[in-house]
Amino acid sequence: MRKLPAELQGKEYWRSFEQLADSPEFKKYVEAEFPDLLPEMNSALSRRKFLSIMGASLALAGLAGCRRPVEKIVPYVVQPEEVIPGIAEHFATSMPWGLSSHGLVVESHEGRPTKIEGNKLHSSSLGGSNVFLQAEILNLYDPDRSQYIMNKGAQSDWDKFVEFWREKLAVYDANRGEGLAVITEPFASPTMARLKNEFTKRFPRATFVAYEPVSDENIIAGIRQAVGGDRNYFPVYHYDKADVVLALESDFLNMETENIAAAKGFASRREMENGDASNLNRLYVVESDFTSTGASAEHRYKMPRRIVSAFVIALANELRTQGVKLGVADNLATSPIQFDQKWLKVVASDLIANKGKSIVVGGRVLPAEAHELITRINHALGNLGTTVELYELDEALAPKREAFKTLVDEMVAGNITTLFLFGTNPAYTASGLNFARAMRKVETAIHVSTHVDETTQHADWHINRAHFLESWGDTRAVNGHYATIQPLIAPLFNGKSDCEVLNFIATGNDDRGYDIVRATWQKKTSGDFEKEWRRALHDGVYENKNVKSFAPRNLTKGGDFNWLHGYANRKSDMELTINLSPTLYDGRYANNAWMQELPHPMSKLTWDNAAIVSNKTAERLHVKNGDVVSIKVKNGEAQLPVWIIPGMADDVISLTLGYGRTHAGRVGNKVGVDLYPLINDGSVPYFVNFEITKTGRTYNLVSTQDHGSMAGRPIIRETDVAGFAAHPEFAKEAVDHPPLRGIYPEHDYSQGYQWGMTIDLNKCIGCNACTIACTSENNIPVVGKEQVGNGREMHWIRLDRYYVGDTDNPDARFQPVNCQHCENAPCEEVCPVQATSHDREGLNVMTYNRCVGTRYCSNNCPYKVRRFNYFNFTKDTPEIVKMAMNPDVTVRSRGVMEKCTYCTQRINRAKQTARLEGRTVRDGEFQVACQQACPADAIVFGNINENESRVIKAKAREVNYELLGEFNTKPRTSFLAIVRNPHPELKEYSPKNG
């Protein structure tokens, strides 16, 4: 077989600095697939510790029965009215998410929701999902959820609260709400908006604010400044229409609002059909951290966050130099920062060459003025109304930091007598403002929350909040269309929804959520209400015919943007940035064991946060991985360990929020370090005035980055458009090997169903949605930090992250790896009891009750994809957590080898349906869990014996290759190689640091 030319060879992919140094820590995972197994009686993973991870006592056993909602709910598909035991039903609903929402289709077994998927009809999910959607199933069945109403720390009930508030109503009716305040999470809900209006109408002197620690407030304010007026708009980006994208401190593929739709649209431009690369887009990224979006970029420019705003001005000036009329004041002075001029000029010219087909997107951490200028740039490039649309935030309550801080001051002054808090947890997330102290100044505080959390500790009344899967409600997508929330299960602990509580305090009427929501929708629908209502429940979405995007012809007169240079002029050698966690978000998922054990996409850390730095920064600070440093700012101090990531901007220390909880629950308490005390202005920007010193202590951080290593092998294969044009078969030619022939007769797989999968590495964004979806679908246990450190995590599909290139400024690549279902499976040859074998449809299957735990199969697997239950992780699972388990999948016990099954339960369900209807399974009739969850549509699964199936067409593409195919294992999973579209002038060019 002919070899590739030299320019397409020689890329070395590596996981970590430890691998490059060939350190003892790395050899631990390369040379010994499994660490030594100590006797269980001597293991630190005691029964007590395991229970601390997984749950509560068996006193909750009574919850395990059917708990269908009382009101009529409508299934997503046409099914008989009677429930057939063992046959799942699917219902459409939606999940509130700040000023947006996610449309869902939820699988339910006998009144018990077990799996969440995205609703294809909803504009924010489009059938995809992310880790947060998938994790909500475990949140629903969290054994640490609040189980009853409390007053002064003692158990109470709803009737007593009703009596309490009706006495208060007379007082606040008389003074028109003087001293009354409400703090909610941001929302986009017609019903909540209606109730908020009723509340403020009845109590005009009351205060009603929205708060969350990290929000899109700066984006909204910047757009409002650009377009003029007092209305709020939110941008909707059509990445599927953009040939060129410039992301400025924006992880839009993973962590910004509307990231599912963004990933879906962006990835659609990363697919080549029939070898045609003309569809490929191009991504430029400017960022301080190394994010999933940065890993997907053709060209990445790392720089401290404090100068990104100055880069926006430099870009605006360069666009004007190249002839673009921005319509802003002429006093946009030259940036005091000398950015890489070649990089800047090429980006500007590329944007100009793609007017109306480009996007400039800024992250929520940039100031409002930067977003104003970004809006003007998009307008000048002809993107507004094409690739970027603005939608009014009608029936939504956006957060305002200043309003929240003013309310805190009023609380401290004793001017607030009664305070309601809905969902939000400011005693934790606003601890830098000393919110707990302010709460103690309030005469009566009522907290509506799912947990007895940090804020509840300072509340007089606590009302246990119903999960959205137990509630009636509604949401409004950012594009203005509506969605319903219908309960999949009766409230497990008789909790109350936000709309039920707000309706009561606003009107005094103790109405059901069902009636409250219907009262709103009777004004939204036209014609036959009952018919429209049932259709909305069935589809999960309802078109708002009155909504349309706002496309201003002219923007307001430009202002003076020179003050933005102050962000760059602040004297500082180093910068401290604070960011949301891609696993715990702002801390709301801290008690979710799935999320704690999910590796960070880039650092691969689990069960902890750290001070993330580049290698040069670590050398400057004289620290290494695990060294604990003290970080002091004006508002407080935090001590946490260091973790080094290649590709971080130099002189930047990145911290992650969401950890250090004290009242999250038994999973999340005292995990990691709380960083909210550092923040005293209600926002999460960066710090330039701080002190960092070594403490002399070390801390054991656990990372999976070197687990399952296939180092030194041709794992990822990639080229660029020019290389593909010259060598379209480059992926297959990357390894030179003789003809592959087996020495034994091989089974004929040419007949019947034959299942196979492709994973498109050009699309994969490293979001981990596949891992959590697989965990949820297949009842995969959590093992805890210590066992992860021993290399014993149980994930059936892992997300490998590789670096390539210079250690100071590398590129990063992602590769999901699951069982490859080899036709010549090395695992099957060595199993002494035939526990692992092949079926007639090409699946590598496991017979669990045969497995005796020799682990020979895992030792013989070149892909490192088999997982062994060293301990009985499911033995003491609480009954309420069992409700989250898929009844179609066996729950494995100790001593069993397990791995990806290609979701054989879904295959068999589809085959059964087809057989009853006298036909074969249609292509696309069902999806495996990882495929269905993937927001980038990177995974395709189907019958490789069907000539027109998507999977066989994908496998026929030039870029298709088999992982370690030179071993003649004949895997049923194959990969589509990476083909990037760099700008010719920046190919192999690294910009100078900003």
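Residues numbered from 1 in each chain as written. Predicted model: local features only at pLDDT ≥ 70, side-chain atom pairs only at ≥ 80, totals over all residues. Heavy atoms only, no water.

A.B. asks: Where do I start with the overall build of the protein chain in this structure?
C.D. replies: Counting its regular elements, the protein chain contains 31 helices and 43 strands. Among the 994 residues that make up the protein chain, the fraction classed as buried is 63%. Taking the intrachain contacts of the protein chain between residues at least 6 apart in sequence as the baseline, contacts between residues at least 24 apart amount to 76%. Just so you have it, the protein chain exposes about 37,000 Å², and 47% of that area is on carbon and sulfur atoms. (Helix = DSSP H or I, 4+ residues; strand = E, 2+ residues; numbered from the N terminus. Buried < 20%, exposed > 50% of the residue type's maximum accessible area, 1.4 Å probe, protein only. Contact = heavy atoms within 4.5 Å. Areas by Shrake-Rupley, 256 points an atom, 1.4 Å probe, with all protein chains shown as cover.)

A.B. asks: Even after reading the chapter, I still don't get the pairing of strand 19 (residues 461-464), so can you show me in this structure?
C.D. replies: Every other side chain in a regular strand lies on the same face of the sheet, so the side chains alternate between the two faces. Burial along strand 19 is two-sided: the residues W461 and I463 and H462 and N464 are all buried. Bridge analysis of strand 5 (residues 150-151) against strand 19 gives 2 bridges, and the strand direction is antiparallel. By the bridge assignment for strand 19, N151 is matched with W461. (Pairing = 2+ DSSP bridges.)

A.B. asks: What is the right way to read the packing of helix 17 (residues 513-521) against helix 18 (residues 529-539) from this model?
C.D. replies: Two measures define how a pair of helices packs: the angle their axes make with one another and the distance between the axes. Packing of helix 17 against helix 18 leaves a shortest axis separation of 11 Å and a crossing angle of 115°. Put simply, helix 17 runs roughly perpendicular to helix 18. Crossing hand, helix 17 versus helix 18: right-handed. Mapping the contact onto sequence places Y514, V517, R518 and W521 in helix 17 and F529, E530, W533 and A536 in helix 18. The class makeup of the residues in the contact of helix 17 with helix 18 is 6 nonpolar, no polar and 2 charged. (Axes fitted to C-alpha atoms, helices over the stretch in contact; angles between N-to-C directions. Parallel < 35°, antiparallel > 145°, perpendicular 65-115°, else oblique. Left-handed = near helix turned anticlockwise from the far one by under 90°. Nonpolar A, V, L, I, M, F, W, Y, C, P; charged D, E, K, R; others polar.)

A.B. asks: Just to check I follow, could you spell out helix 11 (residues 341-353) for this structure?
C.D. replies: Because each turn of an α-helix spans 3.6 residues, side chains separated by three or four positions in sequence point in the same direction. Taking 1.5 Å of rise per residue, the 13 residues of helix 11 would be expected to cover 18 Å, and the 18 Å separating its terminal C-alpha atoms lies within 8% of that figure. Those residues of helix 11 that fall on the buried side of the exposure criterion are W343, L344, V346, V347, A348, D350, L351 and I352. Close packing links the buried residues of helix 11 with strand 11 (244-248), strand 12 (282-287), strand 13 (299-302), helix 10 (308-321) and strand 14 (358-362). (Expected span 1.5 Å × (residues − 1).)

A.B. asks: Explain the sheet that holds strand 41 (residues 960-961) to me, please; I cannot follow it from the model alone.
C.D. replies: Whenever strands of a sheet pair, they do so through backbone hydrogen bonds, lying parallel or antiparallel. Taken in spatial order, the 4 strands make up an open sheet running 40-33-42-41, and their pairing is mixed. Only two strands of the sheet have a single neighbouring strand rather than two, namely strand 40 (939-943) and strand 41. In this structure, strand 33 (residues 755-760) lies alongside strand 40, joined through 5 bridges in antiparallel fashion. Bridge assignment links I759 to a residue of strand 40, and that residue is I939.

A.B. asks: What should I look at first to understand the side chain of R792 in this one?
C.D. replies: Along the chain, the position of R792 falls in the loop between helix 25 (785-789) and strand 34 (798-804). E786 provides the closest opposite charge to the buried, salt-bridge-free R792, at an N-O distance of 7.3 Å. There is a polar contact of 2.8 Å between the side chain of R792 and the side chain of Q787. (Lys, Arg positive; Asp, Glu negative; His and termini not counted. Salt bridge = Lys/Arg side-chain N within 4 Å of Asp/Glu carboxyl O. Polar contact = N/O pair within 3.5 Å; in protein donor to acceptor, adjacent residues only side chain to side chain.)

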